[in-house]
Amino acid sequence: MCLAFDRPMVMGILNVTPDSFSDGGRFNTLQRALQRVEQMVNEGADIIDIGGESTRPGAQPVSEAEEIERVAPLVEAVRSRFDIPISVDSSKAGVMRAAVAVGADMLNDVRALQEGAALQAAAELDVPVCLMHMQGEPRTMQADPVYTDVVADVMAFLSGRVQACMAAGIARDKLLIDPGFGFGKKLSHNLLLLKELHRFKTLDVPIMVGISRKGMIGAIVDKPVERRLYGSLAAVALALWQGADILRVHDVAATVDVLKVCQAVKQASAQN
Ligand code: 7PJ
């Protein structure tokens, strides 16, 4: 899979966790998961992100064997039925290897390849990897996140991980970065990261943003998770305007329209 972006891309989320916060439990049979993928493909998704570990605040860890059992059959089934790049949302080397072996094209790691043998696995698998910033661990990360300067701190972390990946043999053009909205961040931190997202362009790797239906949107609009679409779309537009390259979302059709409008405005030029 090649990451040459001539326009931003929409990544549709497919969680196969019993406890994920926004579609928890709804897609954990293979058939329903495949229906959901079909819908997202029809709505214009460019990539499908499959995750078997819930990283919602307070979530409990899952074993590698259990995560492989959730993810690998689904990757295999999607690969055999749809012609769409598949990303796997995991931090575990064994899950990464098992998923790529059955057809996953890309890795998405909320722990930025810091866990166990993940860095080595990713280097060997030679597929694109998204490195996300998280402060702490899901179980406790929202307790009391502290930064000196949130944008500078997150940029320094991601820059360090890009260097570590390159030192391990992963080419720069296989890397993406993500500030990790909601991962060990207060609302004020999330807002500043979105406001200043353009600064991450200086790291010179594509930027992924996952903001869809998250708590920061809920806190601003004061709505439960199932009523955060409009707020999520506003955040998507702000991210796109500042140069986001991949949008990781639940609501593909709506996001595709926002993307088209942002692209049209970006490409506007003076005409006689
Ligand atoms: C993100 C993610 C994100 C990346 C999740 C949720 C929680 N991967 N995996 N960025 N969030 N790269 O979907 O709300 O923001 S799981």
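The local shell around the ligand holds 13 residues, among which Asp89, Asn108, Asp178, Lys214 and Arg248 are the closest. In this structure, a nitrogen atom belonging to the ligand sits 3.0 Å away from a side-chain N or O atom of Asp89. Within the contact set of the ligand, a nitrogen atom lies 2.6 Å away from a side-chain nitrogen or oxygen of Asp178. When the ligand sits alone it has 390 Å² of accessible area, and the protein chains cover 94% of it.

Here we come to helix H6 (residues 187-195). Because each turn of an α-helix spans 3.6 residues, side chains separated by three or four positions end up pointing in the same direction. Here H6 has its buried residues at His189, Asn190, Leu193 and Leu194. Projected onto a plane normal to the axis of H6, the buried residues spread over an arc of 130° and lie on a single side.

Next up on the list: the sheet that holds strand E1 (residues 9-15). If you trace the eight strands from one edge of the open sheet to the other, you get E6-E5-E4-E3-E2-E1-E8-E7, paired in parallel fashion. This sheet does not close on itself; its edge strands, each paired only once, are strand E6 (175-178) and strand E7 (208-210). Averaged over all neighbouring strand pairs, the angle between strand axes comes to 25°, with direction disregarded. Taken together, the five bridges between E1 and strand E2 (residues 47-51) define a ladder with parallel strand orientation. What sits directly across from Ile13, in E2, is Asp49. Running over the sheet, helix H2 (residues 64-81) touches E1, E2 and strand E3 (86-89) and is turned about 175° from E3.

What follows covers the nonpolar core. Among the nonpolar cores identified, the biggest contains 69 residues, and Ile50, Val78, Leu113 and Phe200 are the most heavily contacted of them. By residue number, the principal contributor to this core is helix H5 (residues 150-167), which donates seven residues. Ignoring sequence-local partners within four residues, the contact set of Ile50 consists of Leu14, Val16, Val71, Leu74, Val75, Val78, Ile86, Ser87, Val88 and Asp89.

Glancing now at the pairing of E1. Each regular strand displays side chains that alternate between the two surfaces of the sheet. Where burial is concerned, most of E1 is hidden: seven out of the seven residues are buried. Residue alternation in E1 divides its side chains into two sets, Met9, Met11, Ile13 and Asn15 and Val10, Gly12 and Leu14, and both sets are buried. The pairing of E1 with strand E8 (residues 246-249) spans four bridges and is classified as parallel. Following the sheet pairing, Met11 is matched in E8 by Arg248.

Okay, the side chain of Asp89 next. Following the sequence through the fold, Asp89 ends up in strand E3. At 3.2 Å, the side chain of Asp89 forms a polar contact with the side chain of Arg248. Excluding its chain neighbours within four sequence positions, the residues that come into contact with Asp89 are Asp49, Ile50, Gly51, Gly52, Glu67, Asn108, Val110 and Arg248.

Conventions adopted
- Per chain, residues are indexed from 1 in the order of the written sequence.
- For a predicted model such as this one, the threshold for reporting local features is a pLDDT of at least 70, and the threshold for listing and counting side-chain atom pairs is 80 or more; totals across whole chains, interfaces and linings nevertheless cover every residue.
- Calculation of side-chain values draws on the structure's entire complement of heavy atoms; hydrogens and water are dropped beforehand.
- Residue proximity to a molecule or strand is established when one non-hydrogen atom of the residue lies within 4 Å of it.
- Any pair of nitrogen or oxygen atoms within 3.5 Å is treated as a polar contact; in protein, a donor-acceptor pairing is required on top of that, and neighbouring residues in sequence qualify only through side-chain atoms on both sides.
- All accessibility values rest on the Shrake-Rupley procedure with a 1.4 Å probe; residue burial counts only the protein chains present in the view.
- For the exposure calls, accessible area comes from a 1.4 Å probe over protein chains only, and a residue counts as buried if that area is under 20% of its type's maximum, exposed if over 50%, partly exposed in between.
- Only DSSP runs of H or I covering at least 4 residues are called helices, and only runs of E covering at least 2 are called strands; the numbering of each starts at the N terminus.
- Think of it as the arc spanned by the lines of direction from the helix axis to the C-beta atoms.
- A strand pair is defined by DSSP finding two or more bridges across the two strands.
- Fitted lines through C-alpha atoms give the axes, limited to the stretch in contact for helices. The angle between two N-to-C directions lies from 0 to 180 degrees.
- Contact criterion: two residues are considered in contact whenever any of their non-hydrogen atoms come within 4.5 Å of each other.
- Buried Ala, Val, Leu, Ile, Met, Phe, Trp, Tyr and Cys residues form a nonpolar core when they are joined through side-chain atoms within 4.5 Å.

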